[in-house]
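Fold and contact review
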Amino acid sequence: MKKRLCQLYGGYRCAESLCMQHLSPIFNLGLRIYLAQVFFLSGLTKIRNWDSTLFLFNFEYQVPLIPPEIAAMMATGGELILPVLLISGTLGRFAAVGLFILNAVAVISYPALPPIAVKDHYLWGALLAVVAIYGAGKWSVDEWLNRRCQACQIKPSNSGQL
């Protein structure tokens with residue numbers, strides 16, 4: 001009985017490993033695409049009608065410590081640049097942390113945000129935290145660069161001589 005249970009569990013672990021090996025990169029890329037789309041479209045909305053954006057940052061949003069015009073430029077720039085980095089997986093953790101901060105500031109600075117929208121921001125924050133903690137994954141520029149740089153490293157000699 002014990003041997004059979006161990007065999008079944010071993011088969012389960014093997015299948016789990018194969019699924020993780022092949023599904024994890026797909027999931028990670030899908031997650032990055034979803035998050036990038038959310039923030040990039042928001043940035044496009046801001047840039048399409050800059051006068052409205054400036055109005056909102058001056059009279060609706062209450063961004064702490066930063067003048068409204070600068071906050072509008074920073075938010076728009078972040079929403080247009082960081083998603084591109086996130087999708088490609090270039091500086092993926094940096095992009096995820098940047099968007100996480102932008103997301104948190106959006107929730108803090110807009111007290112009139114309806115509860116359903118706050119739930120979206122919580123979801124985005126949690127998903128961005130996943131990317132920030134675990135990285136951009138196998139299908140990313142970060143991973144490609146990591147493999148390239150590891151292959152180029154000079155290995156120390158065993159002889160101890162220079």
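As a reminder, the structure under discussion sits directly above these lines.
Residues numbered from 1 in each chain as written. Predicted model: local features only at pLDDT ≥ 70, side-chain atom pairs only at ≥ 80, totals over all residues. Heavy atoms only, no water.

At a closest axis distance of 11 Å, the pairing of helix α1 (residues 2-48) and helix α5 (residues 115-134) adopts a crossing angle of 130°. The angle between the axes of α1 and α5 places the two elements in the oblique class. In this structure, α1 meets α5 at a crossing whose hand is left-handed. Seen from α1, the contacting residues are L31, R32, Y34, L35, V38 and F39; seen from α5, they are L123, W124, L127, L128, V130 and V131. Among the residues making up the contact of α1 with α5, the classes are represented as 11 nonpolar, no polar and 1 charged. (Axes fitted to C-alpha atoms, helices over the stretch in contact; angles between N-to-C directions. Helix = DSSP H or I, 4+ residues; strand = E, 2+ residues; numbered from the N terminus. Parallel < 35°, antiparallel > 145°, perpendicular 65-115°, else oblique. Left-handed = near helix turned anticlockwise from the far one by under 90°. Contact = heavy atoms within 4.5 Å. Nonpolar A, V, L, I, M, F, W, Y, C, P; charged D, E, K, R; others polar.)

Two side chains with opposite charge may pair up if their charged atoms get near one another. A full pass over the atoms with the stated rule returns 3 salt bridges. The closest approach of N and O atoms between K46 and E79, which form a salt bridge, is 2.9 Å. Pair noted here: K46 is in helix α1 and E79 is in helix α3 (residues 68-88), with a separation of 33 residues, a long-range link. With a shortest N-O distance of 3.7 Å, E143 and R147 are connected by a salt bridge. Highlighted residues: E143 and R147, both in helix α6 (residues 141-152), separated by 4 residues, approximately one helical turn. Note on E143: relative accessible area 25%, which makes it partly exposed. (Salt bridge = Lys/Arg side-chain N within 4 Å of Asp/Glu carboxyl O. Buried < 20%, exposed > 50% of the residue type's maximum accessible area, 1.4 Å probe, protein only.)

Scanning the entire structure with this criterion turns up 4 aromatic pairs. Centroid distance F55 to F59: 5.0 Å. Interplanar angle 45°. Geometry classified as tilted. Within this pair, F55 and its partner F59 are both found in helix α2 (residues 50-59), separated by 4 residues, close to a single helical turn. Aromatic side chains Y61 and Y110 sit 5.2 Å apart centroid to centroid with 85° between the ring planes, which places their arrangement in the edge-to-face category. On the criterion of sequence distance, the pair formed by Y61 in the loop between α2 and α3 and Y110 in the loop between α4 (92-109) and α5 is long-range, its members being 49 residues apart. (Phe/Tyr/Trp six-rings, centres within 6.5 Å; stacked < 30°, edge-to-face > 60°.)

Compared with an ideal rise of 1.5 Å per residue, which puts 21 residues at 30 Å, α3 spans 30 Å between its outermost C-alpha atoms and is within 8% of the ideal. Among all positions of α3, only A71, A72, A75, T76, G78, E79, L80, L82, P83, L85 and L86 are buried. Next to the buried residues of α3 lie α1, α2, α4 and α5. Phi turns positive one or two residues past the end of α3, at G89, with a value near 75°. (Expected span 1.5 Å × (residues − 1).)

Once that is clear, we can look at unusual backbone geometry. Notably, L65 is not glycine yet its phi reads approximately 70°, a positive angle. Assignment of secondary structure puts L65 in the loop between α2 and α3. Since its relative accessible area comes to 89%, L65 is described here as exposed. Despite not being glycine, L91 has its phi angle at roughly 55°, a positive value.

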